[in-house]
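Structural characterization, general
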Amino acid sequence: MWRYKLMLGVLSGSKHYAHLAGIRGDQVAAQALGLNKIVSEDSVRRALSAMEPEAAQKWMQQALKASVLEALDRSWILDLDTTIESLYGHQEGAQLGYNPHKPGRPSHALHTYWVGNLRLVLDMQLRSGKEHSSGHGKAGLSQLLDELGGRGPALVRGDSGYGNQDIIEICEKHDRRYLLRLRKTANVKRLIQRLFNRQDWTAATEASQGWQAIEDKVRLSGWSKERRVVVLRRRIKRDVALTRGGIEGKQQVLSLGWDEVQEDAQLWEYTVLVTDVDYELGAIGQLYRDRCDCENGFDELKNQWGWSGFTTQDMHRSELTARAVALVYNWWSWYVRAANPKARREALTSRPLLLAAVGRATHSGGRTELHLTPMHAEVGLIKAMIANVQAAIAYVKRAAEQLPKVDRWRVLLGYICERITRQTVLPSPPPVLAGVG
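One structure accompanies this document, and this report is about it. Just so it is clear, the model here is predicted, and its values are computed rather than measured. (Residues numbered from 1 in each chain as written. Predicted model: local features only at pLDDT ≥ 70, side-chain atom pairs only at ≥ 80, totals over all residues. Heavy atoms only, no water.)

Digging into the overall build of the protein
Assigned secondary structure in the protein consists of 14 helices and twelve strands. Within the protein, the proportion of its 437 residues that are buried is 46%. In the protein, 64% of the contacts between residues at least 6 apart in sequence involve partners at least 24 apart. With an accessible surface of roughly 22,800 Å², the protein has 50% of that area assigned to carbon and sulfur atoms. (Helix = DSSP H or I, 4+ residues; strand = E, 2+ residues; numbered from the N terminus. Buried < 20%, exposed > 50% of the residue type's maximum accessible area, 1.4 Å probe, protein only. Contact = heavy atoms within 4.5 Å. Areas by Shrake-Rupley, 256 points an atom, 1.4 Å probe, with all protein chains shown as cover.)

Quick look at the structure:
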């Protein structure tokens, strides 16, 4: 019973345990789920505390992977990243570490493994604030690649925290291609200085967003062998102000419009990647830039789903609820993509659109029917999206009738992925649905 309470609370927009009280009086949701009542938020905390930690974590970890696994029978990209969760109480593992948003504030680090571009969470681990570096996530990466087996990613992608010998060795051991960003160490800077004078940089085009690329091979300190590196550079053309610190913390402007002051001077931003992919040199830059999409997923999970809000004094329950939030997030993402395969909708717009309704449950002949009246102004769009969901369910039912032993979840995810690939548009005009309106 407490599981339904937690899942319903997360789905309805709760970001803390206290917010779960908002759905306690929802009798329609209780009847739809076959419950006599919805328990309190304190009951949820006590139930989580009573679970055996290792078994509970394994159960939730398997459920999280199962929500995505059946869609990984095609080429996909695994994105590695870590997000920081600022803490304000006396939680276990609340330590001072890297915290870019609130320096000096104790935090937790969430090592996350993403399905690239779909913005789905494949797995995550919660660590203390001091365990934010990639070295504390390499064990989870190795275990994940072992469990995926033949469904592993076509490419492992990560930012500068992951461009090191340990992560590269894990990818090479599991025969997985990688595209990782290197830190700008002294050796990397010497490499850039040497390559800047070469004449075989690719041309900067509109498709490359002004970036030029060049490749070389290098063996950095700590590496077991020589590896291919790709250097990207782009000239900074916008207005630039050069300043330095002045008296009483005031900034002293040295020059404005650097290009105007020194016409022969050029300012460049650059990125260095290590990779073993065999793509065109000009395409590697865009391939890496696509990794930034996972930052949108972090933003959505933390600010719209309360990923960092369900914290307790012990790390066990904090990690368990973080995985539970990610699981509901994955389920909702699949549901919304079934409703609107043309584009991804974040919870900020999709939940008011598809959940804001007045419900009435009726019982007749041993059957419970739920009648919903949408409260959103876009009633036509809602009907069209629900029609798409009905089409997906009908497709699964037809497949199950022909093959009773078919994995219905796998068929559903395959159907949604195919619709995403084809970019099927919503029906227009929207059909008239019974029980809606």
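Picking up where we left off.
Details of the sheet that holds strand β5 (residues 178-181)
Two strands in a sheet stick together by hydrogen bonds in their backbones, pointing the same way (parallel) or opposite ways (antiparallel). One open sheet accounts for eight strands, arranged β3-β2-β1-β4-β5-β10-β7-β6; its pairing is mixed. The open sheet is flanked by β3 (120-128) and β6 (212-218), the only strands paired with a single partner. Strand after strand, the sheet turns through a mean of 25 degrees between neighbouring axes, direction not considered. Against the sheet, helix α11 (residues 315-339) contacts β2 (107-115) and β3, and its axis sits at roughly 165 degrees relative to β3. (Pairing = 2+ DSSP bridges. Axes fitted to C-alpha atoms, helices over the stretch in contact; angles between N-to-C directions.)

Brief notes about the nonpolar core
Grouped together as the largest cluster of nonpolar side chains are 48 residues, with contacts concentrated most on Leu78, Leu80, Leu122, Leu141, Leu182, Trp223 and Val274. Of the residues forming this core, the biggest block, seven residues, is contributed by helix α14 (residues 408-422). Dropping the residues within four chain positions of it, Leu80 is found in contact with Thr112, Tyr113, Leu141, Val156, Arg157, Gly158, Asp159, Tyr162, Ile167 and Arg291. Judged by nonpolar contacts, the second largest core, of 40 residues, contains Val39, Met124, Phe298 and Ile382. (Core = buried A, V, L, I, M, F, W, Y, C linked by side-chain atoms within 4.5 Å.)

Quick word on the pairing of β5
Here strand β4 (residues 155-158) runs beside β5; their pairing, made up of three bridges, is parallel. Directly across from Val156, in β5, lies its bridge partner Tyr178. Running through helix α6 (residues 165-173), the crossover from β4 to the neighbouring parallel element β5 is right-handed. Direction of pairing for β5 relative to strand β10 (residues 268-275): antiparallel, over a ladder of three bridges. Across the sheet, the residue bridging to Arg181 is Leu273, located in β10. (Right-handed = clockwise from strand over helix to strand, strands pointing away.)

Overview of unusual backbone geometry
A positive phi is found at Asn117, a non-glycine position, where the angle reads about 70 degrees. Tracing the backbone through its elements, the reader meets Asn117 in the loop between β2 and β3. Take Asn117: its relative accessible area is 48%, and that puts it in the partly exposed class. For Arg119, which is not glycine, the phi dihedral falls at a positive 55 degrees. Note on placement: Arg119 falls in the loop between β2 and β3.

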